[in-house]
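Spelled out, the chains give:
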Amino acid sequence: VAQLLQQNQYRVPDWLVPEVSQLVRDELDFAQEVTSAGQLREQLSARSASITVGEQVLPIRVPKVLFARTRADTGTQRIQMIVEEKFQGLSIADMVRLQDITAKGTKATHAERRALANIHRKLQRLDPTGALAERYLQCDVVAIRSDSAIDLLYQVADDGVFHADPHDGNAIIDLRPQHEQYGLIDAGSVGHAETPAMRTDFLEFTVRLMLLKQGLLTDTQPIARIMHEYTCKTSTEATWQEVVDDL
């Protein structure tokens, strides 16, 4: 991949390749995913983690692992496949598509209309009355993302175990009556803030980054220091300083 990017005139720092390579290996390690998902599930359940959608309080859940297939591989048990509990509902990414394309009306492209039809078919299977689609259309996605970000801070600062890939496609919101929940899927990337110092650094990084983006901060050295501390050691703090200065 690095060679392909370089052939297309993209600059790929040498230190980035082994870092991404290790992240991909971790993401595909099913044994690690089973363990991490269990840890994250326990922590969220212990503090009754939730977010608010409209007037509904939705518990945050991580799917249970229902089946894990292993085989003997050079004297160890290697997990080849896992089957997890399926969460119903729409991802935040699909909610955004539903709202945006619906708002366009007749101005939507052919590809957008096809995407919208697929979403409606999914909702029709869950609720033939059509009421569920209307509930998703009324959702405040910005507020949902804000609540999700706040809980992520709790995961780091209080739990010490956090979902490390919380993009819109990994959040499944179920708004069916009696089934309401906020599901976090894909625990292949789970971070661990094991010490008070790590948790403090993460919170400092987050606050400083927000202030920087708002133009309220000029001293970026602490951000570069934290990024260097918790990433690939073959990089340098000066490298991260350049990255931060480009933000």
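Check the entry above for the structure.
Residues numbered from 1 in each chain as written. Predicted model: local features only at pLDDT ≥ 70, side-chain atom pairs only at ≥ 80, totals over all residues. Heavy atoms only, no water.

For the rest of this paragraph, the subject is the packing of helix α9 (residues 221-229) against helix α10 (residues 237-245). As a packed pair, α9 and α10 sit with axes 8 Å apart at the nearest point and diverge in direction by 125°. If you check the angle between α9 and α10, you find them oblique. Crossing geometry of α9 relative to α10 is assigned as right-handed. Side by side, α9 and α10 meet where Gln-221, Ile-223, Ala-224, Arg-225, Met-227 and His-228 of the first sit next to Glu-237, Trp-240, Gln-241 and Val-244 of the second. Its residues assigned to classes, the contact of α9 with α10 comprises 5 nonpolar, 3 polar and 2 charged. (Axes fitted to C-alpha atoms, helices over the stretch in contact; angles between N-to-C directions. Helix = DSSP H or I, 4+ residues; strand = E, 2+ residues; numbered from the N terminus. Parallel < 35°, antiparallel > 145°, perpendicular 65-115°, else oblique. Left-handed = near helix turned anticlockwise from the far one by under 90°. Contact = heavy atoms within 4.5 Å. Nonpolar A, V, L, I, M, F, W, Y, C, P; charged D, E, K, R; others polar.)

Turning next to unusual backbone geometry. Although it is not a glycine, Ser-48 sits at a positive phi angle of roughly 50°. One can find Ser-48 in the loop between α3 (30-46) and β1 (50-53). The phi dihedral of Asp-186 is positive, around 65°, even though this residue is not glycine. Positionally, Asp-186 belongs in the loop between β8 (181-184) and β9 (190-192). Relative accessible area serves as the criterion here: at 23%, Asp-186 is assigned to the partly exposed category. (Buried < 20%, exposed > 50% of the residue type's maximum accessible area, 1.4 Å probe, protein only.)

Right, let's get into helix α5 (residues 110-126). Along its 17 residues, α5 runs 25 Å from first to last C-alpha, staying within 8% of the 24 Å computed at 1.5 Å per residue. Among the residues of α5, those classed as buried are Glu-112, Leu-116, Ile-119 and Leu-123. Along the axis of α5, the buried residues cluster in a sector spanning 60°; they form a single face. In α5, the exposed positions angled more than 90 degrees off the buried face are occupied by His-110, Ala-111, Arg-114 and Arg-125. Buried-residue contacts for α5 involve β5 (90-91), α4 (92-104) and α6 (131-137). (Expected span 1.5 Å × (residues − 1). Arc of directions from axis to C-beta.)

Our next topic: a positive patch on the surface. Taken together, the side chains of Lys-86, Arg-114, Arg-121 and Arg-125 make up a positively charged region of the molecular surface. When its relative accessible area of 47% is taken as the criterion, Arg-121 is described as partly exposed. (Patch = residues over 30% accessible without salt bridge, like charges linked within 9 Å, V, L, I, M, F, W, Y side chains within 5 Å. Areas by Shrake-Rupley, 256 points an atom, 1.4 Å probe, with all protein chains shown as cover. Salt bridge = Lys/Arg side-chain N within 4 Å of Asp/Glu carboxyl O. Lys, Arg positive; Asp, Glu negative; His and termini not counted. Charge placed at Lys NZ, Arg CZ, Asp CG, Glu CD.)

Of the two faces of β1, only one is covered, namely that formed by Ile-51 and Val-53; the face formed by Ser-50 and Thr-52 stays uncovered. With 4 bridges connecting them, β1 and strand β2 (residues 56-61) associate as antiparallel partners. Residue Ile-51 lies in a different strand from β2, and its bridge partner there is Leu-58. The antiparallel pairing of β1 with β2 creates a hairpin that spans 2 residues between the two strands, and Gly-54 there sits at a positive phi of about 65°. (Pairing = 2+ DSSP bridges.)

With that settled, consider the packing of α4 against α5. Running from N to C, α4 and α5 point in directions that differ by 125°, and their axes come no closer than 10 Å. As judged from the angle between their axes, α4 and α5 are oblique. When the axes of α4 and α5 are compared, the crossing they make is left-handed. Contacts between α4 and α5 involve Asp-94, Arg-97, Leu-98, Ile-101, Thr-102 and Lys-104 from the former and Glu-112, Ala-115, Leu-116, Ile-119, His-120, Lys-122 and Leu-123 from the latter. Broken down by class, the residue content of the contact of α4 with α5 amounts to 6 nonpolar, 2 polar and 5 charged.

Relative to the helices and strands, Gln-155 is located in helix α7 (residues 141-159). Excluding residues that lie within four positions of it along the chain, Gln-155 makes contacts with Leu-40, Leu-44, Arg-47, Gly-160, Val-161, Phe-162, His-163 and Leu-184.

Next up on the list: the sheet that holds strand β7 (residues 171-174). One open sheet accounts for 5 strands, arranged β1-β2-β8-β7-β5; its pairing is mixed. Looking along the sheet, the strands with just one partner apiece sit at the ends: β1 and β5. Bridge count between β5 and β7: 2 bridges; the pairing is antiparallel. Paired with Leu-90 across the two strands is Ile-173, which belongs to β7. Here α7 sits on the sheet and contacts β1, β2, β7 and β8; the angle it forms with β1, its principal contact strand, is near 170°.

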